[in-house]
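# Summary of the model geometry
Residues per chain, in single letters:
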Amino acid sequence: MADETTHLLSSASSNHRDNNRQHRKALAFILGSVLFERLTFYIIAGDILIFCTDILELSQRDSLTVSLVFNGFAYFFPIFGGLAADISNKRVPIIIWSTVIYFIGCVLLSIVALTSSLDKVLRKDLYYSSLALIAVAIGGLKGNVMALGGLQLNQQAKTINNYFMLYYFVVNVGALCGNFMVAYINAGHSVDMKYLIIIAPVAIVLSLTLLVCGSMCQWFQPEDREEDANEINHITSLQASMRNQNRRRALGCTKPEFDKTLWIIAMLGVLVFYWISYGQVGLYPCYFIVNIEYT
């Protein structure tokens, strides 16, 4: 029994080190992809008001409506993207195809920005269609990329916490760069605002490239995690059989799942009210500026 356990532990340890290297590389590609995707999103979202008023010649109020609808659906669709991945167990294909749809939407956006000879109605229809494609694509990405990154890690709380801190740092860096570029060009610098849109398809191609490179590093899928967990459980059971009953009982003590669920629900409730307040505060300056026109 002891020899079998030692052999299994040695083999598992070697495989674990090799897998960790691969999964850490995959994690780096995921975070790089998120950086470029967030850069793309905040360039597009930040440019909507300016684009609609200056190029599509909409009123400021109508432009604000377009911006609010786009942002609302971009934050709502990830619910369905995550559910689709959980039901079909095809998280990686959904992410890849969502990025392809994202790219198509960005290309349409660039065509609208650079082709001034298009009919006004057609130009608006293409613009709205591109925003719809991008919002759907964000649903497939935002609901799954974070989870895919978490699957690349072991299940230690400290490692997972560090990953989420790094993930949101990357998201905020992308948001900062995207919003800064929009603000810088809107401040009256020499670059025409419509050329900013060209950055979107370039950035999303870089995001897709990083995802494809990461897929070569052996993604950890939920079924992989289950197989890995079964192997670990088998080794643990062999070890446990060599210990006394009290030690096994001590290792088996965990917090009830019901209490964990209640804690998660309570935290989600707090986050809902936080994001409601955050959204209202963030939208008020736009609302105030738009309504100056009508007072």
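Residues numbered from 1 in each chain as written. Predicted model: local features only at pLDDT ≥ 70, side-chain atom pairs only at ≥ 80, totals over all residues. Heavy atoms only, no water.

## Focus: the overall build of the protein
Along the backbone of the protein there are 12 helices and zero strands. For the protein, the α and β elements follow one another from N to C terminus as α-α-α-α-α-α-α-α-α-α-α-α. Burial status across the protein gives 33% buried among its 295 residues. Within the protein, residue pairs in contact and separated by at least 24 positions form 81% of the contacts whose partners lie at least 6 positions apart. When the accessible surface of the protein is totalled, it reaches about 17,400 Å², and 66% of it is carbon and sulfur. (Helix = DSSP H or I, 4+ residues; strand = E, 2+ residues; numbered from the N terminus. Buried < 20%, exposed > 50% of the residue type's maximum accessible area, 1.4 Å probe, protein only. Contact = heavy atoms within 4.5 Å. Areas by Shrake-Rupley, 256 points an atom, 1.4 Å probe, with all protein chains shown as cover.)

## Concerning the side chain of Thr-40
In this structure, Thr-40 sits in helix 1 (residues 2-54). Its relative accessible area of 0% is what places Thr-40 among the buried residues. Beyond its immediate stretch of four places on either side in the chain, Thr-40 contacts Tyr-102, Cys-106, Ala-200, Ala-203 and Ile-204.

## Notes on the pattern of salt bridges
Under the definition given, this model contains three salt bridges. Between Lys-120 and Glu-57 there is a salt bridge, with its nearest N and O atoms 2.8 Å apart. With a gap of 63 residues between them, Lys-120 in helix 5 (residues 120-142) and Glu-57 in the loop between helix 1 and helix 2 (60-76) connect regions that are remote in the sequence. When sorted by exposure, Lys-120 lands in the same class as Glu-57, which is exposed. (Salt bridge = Lys/Arg side-chain N within 4 Å of Asp/Glu carboxyl O.)

## Some words on the packing of aromatic side chains
Evaluation of the coordinates by the stated rule reveals 12 aromatic pairs. Ring geometry for Phe-41 and Tyr-42: centres 5.0 Å apart, planes at 80°, overall edge-to-face. For Phe-41, a relative accessible area of 2% translates into the label buried. By relative accessible area, Tyr-42 is classed as buried at 17%. The interplanar angle of 25° and the centroid separation of 5.3 Å between the aromatic rings of Phe-73 and Phe-77 together place this pair among those described as stacked. In this structure Phe-73 comes out as partly exposed when scored by relative accessible area, which is 39%. Residue classification places Phe-77 among the partly exposed positions, given a relative accessible area of 24%. (Phe/Tyr/Trp six-rings, centres within 6.5 Å; stacked < 30°, edge-to-face > 60°.)

## Describing a nonpolar patch on the surface
Taken together, the side chains of Val-69, Phe-73, Phe-76, Ile-79, Phe-80, Leu-83 and Ile-87 define a hydrophobic patch exposed on the protein surface, amounting to about 700 Å² of accessible area. Among the secondary structure elements, those contributing two or more residues to the nonpolar patch are helix 2 and helix 3 (78-88). Sorting elements by how many residues they give to the nonpolar patch places helix 3 first, with four residues. (Patch = residues over 30% accessible without salt bridge, like charges linked within 9 Å, V, L, I, M, F, W, Y side chains within 5 Å.)

## Focus on unusual backbone geometry
Not every positive phi belongs to a glycine, and Glu-57 is a case in point at roughly 60°. Of note, the phi angle at Asn-89 is positive, near 60°, even though the residue is not glycine. Within the secondary structure, Asn-89 sits in the loop between helix 3 and helix 4 (91-114).

## Re the packing of helix 2 against helix 3
Interaxial distance between helix 2 and helix 3 falls to 5 Å at its minimum, and their mutual angle equals 25°. For the element pair helix 2 / helix 3, the angle class is roughly parallel. Taken together, the residues of helix 3 that come into contact with helix 2 (itself represented by Phe-73, Ala-74, Tyr-75 and Phe-76) are Pro-78, Ile-79 and Phe-80. By residue class, the composition of the contact of helix 2 with helix 3 is seven nonpolar, no polar and no charged. (Axes fitted to C-alpha atoms, helices over the stretch in contact; angles between N-to-C directions. Parallel < 35°, antiparallel > 145°, perpendicular 65-115°, else oblique. Nonpolar A, V, L, I, M, F, W, Y, C, P; charged D, E, K, R; others polar.)

## A closer look at helix 5
Here helix 5 is 23 residues long and its end C-alpha atoms lie 32 Å apart, about the 33 Å a rise of 1.5 Å per residue gives. When we look at burial in helix 5, the residues that qualify are Arg-123, Tyr-127, Ser-130, Leu-131, Ile-134, Ala-135, Ala-137, Ile-138, Gly-139, Gly-140 and Leu-141. Sitting at the amino-terminal end of helix 5 is Asp-119, which places a side-chain oxygen 3.1 Å from the backbone nitrogen of Val-121. (Expected span 1.5 Å × (residues − 1). Polar contact = N/O pair within 3.5 Å; in protein donor to acceptor, adjacent residues only side chain to side chain.)

## Here we look at the environment of Ser-63
Mapping Ser-63 onto the fold places it in helix 2. Classification of Ser-63 as buried rests on a relative accessible area of 0%. For the pair Ser-63 and Ile-50, spaced 13 residues apart in the sequence, the C-alpha separation amounts to 8.1 Å. The residues touching Ser-63, leaving out its near neighbours within four places in the chain, are Ile-48, Leu-49, Cys-52, Thr-53 and Leu-58.

## Quick notes on the nonpolar core
Core analysis: the largest hydrophobic core is formed by 42 residues, its most contacted members being Phe-41, Ile-44, Phe-70, Tyr-102, Tyr-127, Leu-131 and Ile-134. If one sorts the elements of this core by residue count, helix 1 sits on top with 11 residues. Contacts of Ile-134, omitting those with residues within four sequence positions, involve Ile-44, Phe-70, Tyr-102, Gly-105, Cys-106 and Leu-109. Ile-50, Val-182, Leu-196 and Ala-203 belong to the second-largest nonpolar core, a separate cluster that totals seven residues. (Core = buried A, V, L, I, M, F, W, Y, C linked by side-chain atoms within 4.5 Å.)

## As for the confidence of the model for the protein
Residues at a pLDDT of 70 or more form 68% of the protein, whose mean pLDDT is 77. Taken element by element, the predicted model of the protein shows its lowest mean pLDDT in helix 11 (residues 245-252) (43) and its highest in helix 5 (93). Contacts of residues 242-253 to residues separated by more than four positions or lying in other chains number six contacts, the stretch itself having pLDDT below 50. (pLDDT = per-residue confidence, 0-100.)

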